[in-house]
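The lines below spell out each chain.
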Amino acid sequence: MIRRLATVLLALLTPAALSAQALQCRVPPRIAAPHPEGPSQQEPRRLLPIGSYTLALIWAPEACHNRSENIDSDFACGRGNRFGFTLHGLWPDGEGREWPQYCASAPILPEALIRRHLCATPSAQLLQHEYAKHGTCMGIAPAAYFARSTGLYGRLRFPDMNALAARRDLTVRQFATAFARVNPGLSADMIRLNVNRRGWLEEVWLCLDTRFAYRACPVAQGGASATRRIRIQPLPRGR
């Protein structure tokens, strides 16, 4: 009864008022353990000083549309679940164009920790990957890494994404301005968008300093140009 009431109350919130949480998320009774991840020839270990951070968000409707590897399609795109923005991860950046990664061996994440964060990052394997590649470079335990990343994610608010999805003339700059408007302390130059070749929004990257405050994104951050037109997959309808 309590769970049903919480779902109803969440559905009554306007999109602009929604915090960075799943629209509807039911964690399964059993979660398969992720496999280990570590450096490779394509993704080598890099021990570099941290100059800033990026908080990366996945637009789940597009990830589900393309069955992206950065999302557990069975969980995130089915089973009655509904997601808008999900948390990709918190990434330490370097002081130049390269960033630290795979700084130490990572343990297999315990199921209890995965369960705690699965409605923010709906993929056990992505959670494992994010700690192995990024969290180990922060020199903190998995629980502390995910507490930090989901804490930053949880304070976010979002614009009316379906209204933005209905626009055919939307530019990167206009989207960034709308996103910043509902998040105090954030401005459009602190946001970068990852847009696929077809012009559809895939990810939003928020730039942070070493104290995890918003900062202007460095030129090396990349992302789509401010004048590029983008499309947005609408939020899935409730079931």
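Above this text sits the structure in question.
Read on for a plain summary of the structure. (Residues numbered from 1 in each chain as written. Predicted model: local features only at pLDDT ≥ 70, side-chain atom pairs only at ≥ 80, totals over all residues. Heavy atoms only, no water.)

## What to know about helix α8 (residues 172-181)
And then number 1: Of all the residues in α8, the buried ones are Val172, Phe175, Ala176, Ala178, Phe179 and Ala180.
And then number 2: In the core, the buried residues of α8 are packed alongside β1 (52-59), β2 (85-93), α7 (161-165), β3 (191-195) and β4 (201-208). (Buried < 20%, exposed > 50% of the residue type's maximum accessible area, 1.4 Å probe, protein only. Helix = DSSP H or I, 4+ residues; strand = E, 2+ residues; numbered from the N terminus. Contact = heavy atoms within 4.5 Å.)

## Things to note about the nonpolar core
And then number 1: Grouped together as the largest cluster of nonpolar side chains are 64 residues, with contacts concentrated most on Leu57, Phe85, Phe175, Phe179, Val204 and Leu206.
And then number 2: It is α8 that provides the largest number of residues to this core, a total of six residues. (Core = buried A, V, L, I, M, F, W, Y, C linked by side-chain atoms within 4.5 Å.)

## Some points on the sheet that holds β4
And then number 1: Taking strand neighbours across the sheet as the criterion, the four strands line up as β2-β1-β4-β3 in an open arrangement whose pairing is antiparallel. In this open sheet, the two edge strands, each paired with only one partner strand, are β2 and β3. Here the average twist between neighbouring strands, direction ignored, is 25°.
And then number 2: Bridge analysis of β3 against β4 gives five bridges, and the strand direction is antiparallel. (Pairing = 2+ DSSP bridges. Axes fitted to C-alpha atoms, helices over the stretch in contact; angles between N-to-C directions.)

## Brief notes about the environment of Gly80
And then number 1: Tracing the backbone shows Gly80 in the loop between α3 (73-76) and β2.
And then number 2: As for Gly80 and Arg26, which are separated by 54 residues in sequence, their C-alpha atoms are 7.8 Å apart.

## Details of the state of the cysteines
And then number 1: For the coordinates displayed, the defined rule picks out four disulfides.
And then number 2: The disulfide partner of Cys103 is Cys137, and the gap between their sulfur atoms is 2.0 Å. Disulfide Cys103-Cys137: the torsion about the S-S bond is 95°, which places it as right-handed. In this pair, Cys103 is assigned in the loop between β2 and α4 (111-117) and Cys137 in the loop between α5 (124-133) and α6 (142-154), connecting sequence segments 34 residues apart.
And then number 3: Sulfur-sulfur distance for the disulfide between Cys207 and Cys217 comes to 2.0 Å. Taking the torsion about the sulfur-sulfur bond, which here is approximately 105°, the covalent link between Cys207 and Cys217 counts as right-handed. Of this pair, Cys207 sits in strand β4 while Cys217 sits in the segment after β4, and the two are 10 residues apart along the sequence.
And then number 4: Once the bonded cysteines of the chain are numbered in order along the sequence, the disulfide links fall as 1-5, 2-3, 4-6, 7-8. (Disulfide = S-S within 2.5 Å.)

## Here's the deal with the environment of Gln24
And then number 1: Position of Gln24 among the secondary structure elements: in the loop between α1 (2-12) and β1.
And then number 2: Taking the relative accessible area as the measure of exposure, Gln24 reaches 12% and is therefore buried.
And then number 3: Each C-alpha atom, one on Gln24 and one on Arg82, is 4.8 Å from the other, the two residues being 58 residues apart in sequence.
And then number 4: In terms of polar contacts, Gln24 uses its side chain to reach the backbone carbonyl oxygen of Gly80, at 2.9 Å. (Polar contact = N/O pair within 3.5 Å; in protein donor to acceptor, adjacent residues only side chain to side chain.)

So far we have only geometry, and geometry alone does not tell us how the molecule works.
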